[in-house]
Amino acid sequence: MAAARLAARCAWPAAGVGWACLVMAGPAIEVARRDSPAEASGGADVTTRDQRAALRRNRFVVVDGVLSRAEALAANAACERRHESFKKTPQDDPSARTDRVTWVGGDDTSPALRLAIARLRGVASELDTDALGAGAWQGFDDDNASRGHRRSRALGVPLAGQLARYGAAGPRYAPHRDGSVLAFDPSFGAREVTAVLYLCGPAWDEPARNGDDGALVLYCGADAADDDGDSATAVHRVRPVGGRLVLFDSRTVLHEVRPHGRRDDRFALTLWLGGEHYPEFRCLRPYVS
């Protein structure tokens, strides 16, 4: 009764506490669904030290051959067999985003897709390896130079990745950024490094003869207020070849997916690494998974 009377007399503070709890629930649930890099390690390295250095320096890197020819073909076939599982996203809009997505986790029924997500999740452990003795990913070179940031916790690694399907004649994703930057802490937020592994079929091995080719376009160096890429200091087009991995800064690299005119669908498996790993929240996992 005393607590009820106190709440009635202090309605605004009580409401504030309630809203604060709701606001914090989302991040807590997100963190609970993330492993540490050590838990997600895939064994064999996917990237080289030079490639990881290029990622830190340039904020993006392209890595070929993450899946062998046979592995990429098997993953593509698995994607083709589950067309009915791809759904619209909450952001679906003819002028912005028209792909269809589903989710792939380590317990997927397809061995080929389990291998693909394992390779993506293992990247976090490789990034932590180059932490210069700190034991955790220290972000991109410019971040450290300009903000003096030093983190002590490892990257968070999601349990599942988003598998996107772009059909012919129109599907695209307009220029956007996957995350956001907070000046006081460049590691804050659940998306620091975007990892995209392409699971396209052999028809994508050759460049398109005409028209758009379904490329991932990276507008590197674009101003934070630029949503079109006009201010980019460098523009890179990446063809979605099966087995090819692209890593880039989730928060600052403006990027888009161009439409394509091929008969074969374009498949991309994406994992967003980031948000510091907090094992303290693991107890929530049974209730949010």
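Quick caveat: nothing in here was measured; it's all calculated off a predicted structure.

Parameters and conventions
- Residues numbered from 1 in each chain as written.
- Predicted model: local features only at pLDDT ≥ 70, side-chain atom pairs only at ≥ 80, totals over all residues.
- Heavy atoms only, no water.
- Helix = DSSP H or I, 4+ residues; strand = E, 2+ residues; numbered from the N terminus.
- Buried < 20%, exposed > 50% of the residue type's maximum accessible area, 1.4 Å probe, protein only.
- Polar contact = N/O pair within 3.5 Å; in protein donor to acceptor, adjacent residues only side chain to side chain.
- Phe/Tyr/Trp six-rings, centres within 6.5 Å; stacked < 30°, edge-to-face > 60°.
- Lys NZ or Arg CZ within 6 Å of the ring centre and 35° of its normal.
- Disulfide = S-S within 2.5 Å.
- Core = buried A, V, L, I, M, F, W, Y, C linked by side-chain atoms within 4.5 Å.
- Contact = heavy atoms within 4.5 Å.
- Salt bridge = Lys/Arg side-chain N within 4 Å of Asp/Glu carboxyl O.

For the rest of this paragraph, the subject is the side chain of Arg34. By the element assignment, Arg34 lies in strand S1 (residues 34-35). You can call Arg34 buried: its relative accessible area is 6%. A distance of 3.2 Å separates the side chain of Arg34 from the backbone oxygen of Trp272, its partner in a polar contact. A polar side-chain atom of Arg34 sits 3.0 Å from the main-chain carbonyl oxygen of Gly274.

Summed over the entire model, instances satisfying the criterion amount to one aromatic pair. Measuring from ring centre to ring centre gives 5.9 Å for Phe86 and Phe267, while their planes differ by 40°; the resulting arrangement is tilted. With a gap of 181 residues between them, Phe86 in the loop between helix H5 (69-80) and strand S3 (87-88) and Phe267 in strand S13 (residues 266-273) connect regions that are remote in the sequence. Its relative accessible area of 0% is what places Phe267 among the buried residues. Above the ring of Trp272, the side-chain terminus of Arg191 is found at 3.8 Å from the ring centroid. The ring of Trp204 has Arg262 lying over it, and the distance from NZ or CZ to the ring centre is 4.4 Å.

With that settled, the discussion passes to the state of the cysteines. In the structure shown here, the tally under the stated rule is zero disulfides. No disulfide involves Cys79; its sulfur sits 8.6 Å from that of Cys200, the nearest cysteine.

To continue, consider the nonpolar core. With 37 residues, the main nonpolar core has Leu199 and Leu245 as its most contacted residues. Elements with a contribution of two residues or more to this core: helix H4 (49-58), strand S2 (60-63), H5, helix H6 (111-129), strand S8 (193-198), strand S11 (245-249) and S13. If you tally residues by element for this core, the top one is H6, at eight residues. If we ignore the near neighbours within four places in the chain, the residues touching Leu199 are Leu67, Ala75, Asn76, Cys79, Leu113, Ala116, Leu163, Phe267 and Leu269. Ranked by size, the runner-up nonpolar core spans 16 residues in total, among them Phe60, Val101, Ala164 and Tyr173.

Our next topic: the pattern of salt bridges. With the rule as written, the count across this model stands at 15 salt bridges. Linking Asp92 and Arg100 is a salt bridge whose minimum nitrogen-to-oxygen distance equals 3.0 Å. The partner of Arg237 in a salt bridge is Asp213, with the nearest N and O atoms 3.2 Å apart. Within this pair, whereas Arg237 is found in strand S10 (residues 234-238), its partner Asp213 is found in the loop between S8 and strand S9 (216-220), the two being separated by 24 residues in sequence. Using a relative accessible area of 16% as the deciding quantity, one classes Asp213 as buried. Each of Arg59, Asp249 and Arg251 takes part in a single network of salt bridges with overlapping partners.

On their own, these measurements won't tell you what the molecule is for.
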